Amino acid sequence: MNEEKEFNGDKCYQRFISYLRNTKNMSEHTVSSYGIDICQFAALCLKKDPLNEEVDWDSVSVYDARGFIVDLQDAELSKTSIQRKLSGLRSFFRYLVRDCRTRNNPFSGLTGPKKQKNLPKCMTVGEVGKLLDAPAVFWRDALASGYARDEASADFQMKRDTAMLEIIYSGGLRISECTGLNMSDIDLYSGVMKIRGKGKKERLGAIGDPAARALRNYLIMRRSMFSNNRPESPVFLNQQGTRFTDRSFQRNFKLYLTTAGLPADMTPHKLRHSFATHLLDAGADLRSVQELLGHANLSTTQLYTHISSERMRAVYQQAHPRA
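Residues numbered from 1 in each chain as written. Predicted model: local features only at pLDDT ≥ 70, side-chain atom pairs only at ≥ 80, totals over all residues. Heavy atoms only, no water.

Let's shift gears to the overall build of the protein. Each helix and strand counted, the protein has 13 helices and three strands in total. The buried share of the protein, taken over its 323 residues, is 43%. Of the roughly 18,000 Å² of accessible surface on the protein, a fraction of 50% belongs to carbon and sulfur atoms. (Helix = DSSP H or I, 4+ residues; strand = E, 2+ residues; numbered from the N terminus. Buried < 20%, exposed > 50% of the residue type's maximum accessible area, 1.4 Å probe, protein only. Areas by Shrake-Rupley, 256 points an atom, 1.4 Å probe, with all protein chains shown as cover.)

Here you go:
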């Protein structure tokens, strides 16, 4: 109660902030963001400051809410930021209606600009080639510089990581799908692997010839170093003989990016994006790529067609004499 007496601004605003903090247990950062958005709306549309004066929230109309969206767009805010502000104000007025402070929620049913879908980044075929060659270069130099413990250690990590990169690109795997592979999931004779994806869904992936060669080279060394070759044992091991983790692979991946001279913001998931884009560029049909990626909805896979279209337009603009 003392807090309310010391606060000279709008009581509805104060109670809502207290509700977020004490009832919803939101972080201070989130609570602060809500407060800033409410104050911004009040200043722009009502010429009021909730921190220092009472506000007649019941007078706010849907036209005020729409005007706020226009103001935000004129200020060139990103679509994501606008949607976040609208979500906060919708929650604020929902609270006021529930608390009988206003009769209507002017933001209810009001939609902002559609969130822009960022196209997934992918590597060119040449960049993928450089990345796949990077483990051999890195571990050779690591052995020469003393970074690697010994030749056997360097050779094992080089063969394992080369095989992992080849497998991810060959089958369009997520990192977790690659590290989650067990010995029984691999059929080198048929060139296929069983992949456990999101939601425990299983699908088949292809093992291309380069990936099969890299995997055979790794498995030969794996069998010579470790005895856990049971069907349920992991394919990719660390040097202690247990399953190699996503985090460890991501750490090594950054080293290979540097070795290959590729951008530092590339991730292992970009290999999956590259797999899909390169297939579509080469004429693969969308449904087949959907199955290979394990996407539940075709609309998710269709995002990659935009990448191919953008690339086509870029090539056209550069090459056509009357583009």
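We are not done yet, so read on.
Below, the discussion takes up the packing of helix α3 (residues 28-46) against helix α4 (residues 62-74). Running from N to C, α3 and α4 point in directions that differ by 100°, and their axes come no closer than 10 Å. On the basis of their axis angle, the class for α3 and α4 is roughly perpendicular. In this structure, α3 uses D37, Q40, F41, L44 and C45 to contact α4, whose residues at the interface are D64, A65, F68, D71 and L72. Considered class by class, the residues forming the contact of α3 with α4 number six nonpolar, one polar and three charged. (Axes fitted to C-alpha atoms, helices over the stretch in contact; angles between N-to-C directions. Parallel < 35°, antiparallel > 145°, perpendicular 65-115°, else oblique. Contact = heavy atoms within 4.5 Å. Nonpolar A, V, L, I, M, F, W, Y, C, P; charged D, E, K, R; others polar.)

For the rest of this paragraph, the subject is the pattern of salt bridges. One pass over the structure, following the stated rule, counts 15 salt bridges. Its salt-bridge partner being K85, residue D37 comes within 2.8 Å of it at the nearest N-O pair. Remark: K85 occurs in helix α5 (residues 79-98) and D37 occurs in helix α3; sequence separation between them is 48 residues. Note on D37: relative accessible area 3%, which makes it buried. A residue is classified by how much of its surface remains accessible, and K85, at 7% relative accessible area, is buried. Among the ionic pairs, R149 bridges to D150, the shortest N-O distance being 3.8 Å. R149 gets classed as exposed once you look at its relative accessible area, which sits at 63%. Classification of D150 as partly exposed rests on a relative accessible area of 33%. (Salt bridge = Lys/Arg side-chain N within 4 Å of Asp/Glu carboxyl O.)

Time to look at the sheet that holds strand β2 (residues 192-196). The strand order across the open sheet formed by three strands is β1-β2-β3, and the pairing between neighbours is antiparallel. Among the strands making up the open sheet, the edge pair consists of β1 (186-187) and β3 (202-206). (Pairing = 2+ DSSP bridges.)

Quick look at the pairing of β2 now. Where burial is concerned, the two faces of β2 differ: the one with M193 and I195 is buried and the one with V192, K194 and R196 is not. Here β1 runs beside β2; their pairing, made up of two bridges, is antiparallel. Across the sheet, I186 pairs through a bridge with M193, a residue of β2. Hairpin connection of β1 to β2: four residues between the antiparallel strands, including G191 at a positive phi of 75°. Where β2 meets β3, five bridges bridge the pair, whose relative direction is antiparallel.

A word on the packing of aromatic side chains. Under the criterion given, the structure shown has 20 aromatic pairs. For the pair F93 and F107, a centre-to-centre distance of 5.7 Å together with 35° between the ring planes defines the contact as tilted. You can see F93 sitting in helix α5 and its partner F107 sitting in the loop between α5 and α6 (125-145), a full 14 residues away along the chain. For F93, a relative accessible area of 0% translates into the label buried. Take F107: its relative accessible area is 0%, and that puts it in the buried class. Ring geometry for F156 against F226: centres 5.8 Å apart, planes inclined by 65°, an arrangement best described as edge-to-face. (Phe/Tyr/Trp six-rings, centres within 6.5 Å; stacked < 30°, edge-to-face > 60°.)

The next subject is helix α11 (residues 268-281). Over its 14 residues, α11 runs 20 Å from end to end, which matches the ideal 20 Å to within 8%, given 1.5 Å per residue. With respect to burial, α11 is a largely interior element, eleven of its 14 residues being buried. In the stretch just after α11, G283 is the one whose phi turns positive, near 105°. (Expected span 1.5 Å × (residues − 1).)

So, on to unusual backbone geometry. Here the phi dihedral of K47 falls at roughly 55°; this positive angle occurs in a residue that is not glycine. Not every positive phi belongs to a glycine, and E76 is a case in point at roughly 60°. Assignment of secondary structure puts E76 in the loop between α4 and α5.

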